[in-house]
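Architecture and fold: a report
One-letter residues, chain by chain:
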Amino acid sequence: MDFLRPASWEEALAAKAEHPTAVPIAGGTDVMVEINFDHRRPEYLLDLNRIGELTEWQVEQDHVRLGASVPYSAIMEHLRAELPGLALASHTVASPQIRNRGGVGGNLGTASPAGDAHPALLAAGAEVEAESVRGTRMIPIDDFYTGVKRNALAPDELIRAVRITKADGPQQYSKVGTRNAMVIAVCAFGLALHPETRTVRTGIGSAAPTPVRAKAAEDFLNAALDEGGFWESGRIITPSVAKQFAELASGACNPIDDVRGTAKYRRHAVGIMARRTLGWTWEQYRGAGRTLEGAA
Ligand SMILES: Cc1cc2nc3c(=O)[nH]c(=O)nc-3n(C[C@H](O)[C@H](O)[C@H](O)COP(=O)(O)OP(=O)(O)OC[C@H]3O[C@@H](n4cnc5c(N)ncnc54)[C@H](O)[C@@H]3O)c2cc1C
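Residues numbered from 1 in each chain as written. Predicted model: local features only at pLDDT ≥ 70, side-chain atom pairs only at ≥ 80, totals over all residues. Heavy atoms only, no water.

As recorded in an unreviewed UniProt entry, the protein chain goes by CO/xanthine dehydrogenase FAD-binding subunit and comes from Streptomyces fulvorobeus.

The structure is reproduced here in structure tokens:
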């Protein structure tokens, strides 16, 4: 196995163009597990750890440009206000050691349906900045996941950063696991209120071949909130609306039975998490951060 150690982003892109089968390694918390268990024996490893810019982020007007290798611990510490859903999801990843090494670029590279960043990215709205020697392209997060542990990157492309929409309202992340820490999700749910556009977005983890949004649930809720004037009044969402939202979220799942849980349980739990995260975020919206003009 050859170890390629580019000193700059340009050198990394050139190396990936020359060796498209080279496996990038950032925190190594997925790659090294695969190598140690002999699930993967790449001809080349492409070490991205000398490229400082990958661990940096910029807070722009309406989005955060998060370098691919920014570790979860930095997101939790520095970007809680801008990316609350992703910060909450980061909290649930593994242990402090893994959170100091692993990051969103690696989560996207692996594209496991159980990856914790995905529901938060789907709910917030994000684009993956993919680059090769041929140029840069922005991949909408909805188009990024193409199958079980498959993504939309071309063989010569690397993830440089992820552009995530800055929160303009409350966000939540809920995860079911077999214990409280060091656990891969049985299933997970992310929800973001976007008061500026009067919309709600969602993300489901570990309950379909890829991370997915509960689009029918979003459409239903967006129409119900709009028609009922909920955004303006800040009224409590009626139980029937919350129930229907939960049922539609549950219906968006296409889960399997596996060692972590049954398909039936996953569908059920996603419905519960959808209702709860809606309740939590709506209570936050009704409280601080919302203009109370016209509130009931
Ligand atoms: C004990 C343990 C517990 C874990 N628990 C969780 C958990 O609770 N939740 C969770 O979501 N994950 C968990 N993981 C998995 C892992 O930590 C995460 O997926 C993490 O985000 C991977 O990031 P990394 O930087 O370590 O990626 P790496 O292992 O370096 O890379 C992962 C994949 O992404 C590719 N890649 C990395 N960077 C780039 C780039 N810039 N461009 C293109 N491709 C790239 C790599 O080639 C590889 O295919 C756990 C892992 C371990 C070992």
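Turning our attention to unusual backbone geometry. Its identity as a non-glycine residue notwithstanding, A111 has a phi of 55°, on the positive side. Along the polypeptide, A111 turns up in the loop between α6 (104-110) and α7 (117-124). With relative accessibility at 1%, the residue A111 sits in the buried group. With a phi angle near 65°, S206 is a residue other than glycine that sits in the positive phi range. Looking at where S206 falls in the secondary structure, it is placed in the loop between β13 (199-205) and α9 (215-227). (Helix = DSSP H or I, 4+ residues; strand = E, 2+ residues; numbered from the N terminus. Buried < 20%, exposed > 50% of the residue type's maximum accessible area, 1.4 Å probe, protein only.)

All right, on to the pairing of strand β3 (residues 44-47) then. Residues Y44 and L46 of β3 are buried on one face, and the alternating residues L45 and D47, pointing to the opposite face, are buried as well. Summarising the sheet, strand β1 (residues 2-4) and β3 pair through three bridges and their orientation is parallel. Counterpart to L4 in the pairing with β3 is L46. Relative to β3, strand β2 (residues 23-25) is paired through three bridges, and the arrangement is parallel. Paired with P24 across the bridge in β3 is L46. Since β2 and β3 lie parallel, the crossover through helix α2 (residues 31-36) that links them has a hand, and here it is right-handed. (Pairing = 2+ DSSP bridges. Right-handed = clockwise from strand over helix to strand, strands pointing away.)

Before going further, it helps to spend a moment on the sheet that holds β2. Spatially, three strands are ordered β1-β3-β2 in an open sheet, and the strand pairing comes out parallel. The open sheet terminates on both sides in strands that have one partner only, identified here as β1 and β2. Within the sheet, the average angular offset between the axes of one strand and its neighbour, ignoring direction, is 30°. (Axes fitted to C-alpha atoms, helices over the stretch in contact; angles between N-to-C directions.)

As annotated in UniProt, the feature "domain: FAD-binding PCMH-type" (unreviewed entry) corresponds to residues 1-169 in the numbering used here. Between the end C-alpha atoms of residues 1-169 the distance is 47 Å, and the span holds 33% helix and 26% strand. (UniProt positions renumbered as here; feature names shortened; annotations may be inferred.)

Moving on: the side chain of E82. Secondary-structure assignment places E82 in the loop between α3 (72-78) and α4 (84-91). Summary of buried charges: E82 has no salt-bridge partner, and the nearest side chain of opposite charge, K166, is 6.1 Å away. Setting aside its immediate chain neighbours within four residues, E82 contacts V59, V64, T165, K166 and A167. (Lys, Arg positive; Asp, Glu negative; His and termini not counted. Salt bridge = Lys/Arg side-chain N within 4 Å of Asp/Glu carboxyl O. Contact = heavy atoms within 4.5 Å.)

Moving on: helix α11 (residues 239-251). Residue pairs three or four apart in sequence face the same way in an α-helix, which turns once every 3.6 residues. Under the 1.5 Å per step criterion, the end-to-end length of α11 is 18 Å for 13 residues, consistent within 8% with the ideal 18 Å. Here α11 has its buried residues at V241, A242, F245, A246, A249 and S250. Of the surrounding elements, those touching the buried residues of α11 are β12 (187-194), β13, α9 and α12 (263-286). (Expected span 1.5 Å × (residues − 1).)

Right, let's get into the site of the ligand. Taken together, 34 residues sit near the ligand, with P24, T29, D30, Y72 and D116 positioned nearest. Between the ligand and the protein, one listed contact pairs an oxygen atom with a side-chain N or O atom of D30 at 2.6 Å. Within the backbone of V31, a nitrogen or oxygen atom sits 2.8 Å from an oxygen atom of the ligand. When the ligand sits alone it has 990 Å² of accessible area, and the protein chains cover 90% of it. For the shell around the ligand, the secondary structure elements donating two or more residues are β2, α2, α5 (96-101), α6 and β10 (158-165). Per element, the largest residue contribution to the shell around the ligand is four residues, and it comes from α6. (Near = heavy atom within 4 Å. Polar contact = N/O pair within 3.5 Å; in protein donor to acceptor, adjacent residues only side chain to side chain. Areas by Shrake-Rupley, 256 points an atom, 1.4 Å probe, with all protein chains shown as cover.)

Before going further, it helps to spend a moment on the sheet that holds strand β7 (residues 135-140). If you walk across this open sheet you meet the five strands as β4-β5-β10-β6-β7, and the pairing is antiparallel. The open sheet has two edge strands with one neighbour each: β4 (57-59) and β7. If you compare each strand with its neighbour and ignore which way they point, the axes differ by 20° on average. One ladder, built from six bridges, connects strand β6 (residues 126-132) with β7; its direction is antiparallel. By the bridge assignment for β7, A130 is matched with R137. Packing of helix α1 (residues 9-18) onto the sheet brings it into contact with β6 and β10, and relative to β10 it is tilted by some 120°.

When cut into domains, the protein chain gives domain 1 (2-165) and domain 2 (171-295). Distance between the C-alpha centres of domain 1 and domain 2: 25 Å. Facing 25 residues of domain 1, the contacting portion of domain 2 comprises 29 residues. Interface of domain 1 and domain 2: buried area, both sides summed, is about 1,900 Å²; carbon and sulfur atoms make up 62% of it. When the buried area of domain 1 at its contact with domain 2 is split by residue, P113, P119 and A123 rank highest and sum to 26% of it. There are four salt bridges connecting domain 1 and domain 2. A salt bridge links K215 to D142, with the shortest nitrogen-to-oxygen separation between them at 3.8 Å. (Domains from an automatic or database assignment. Buried area = accessible area lost by both parts, 1.4 Å probe.)

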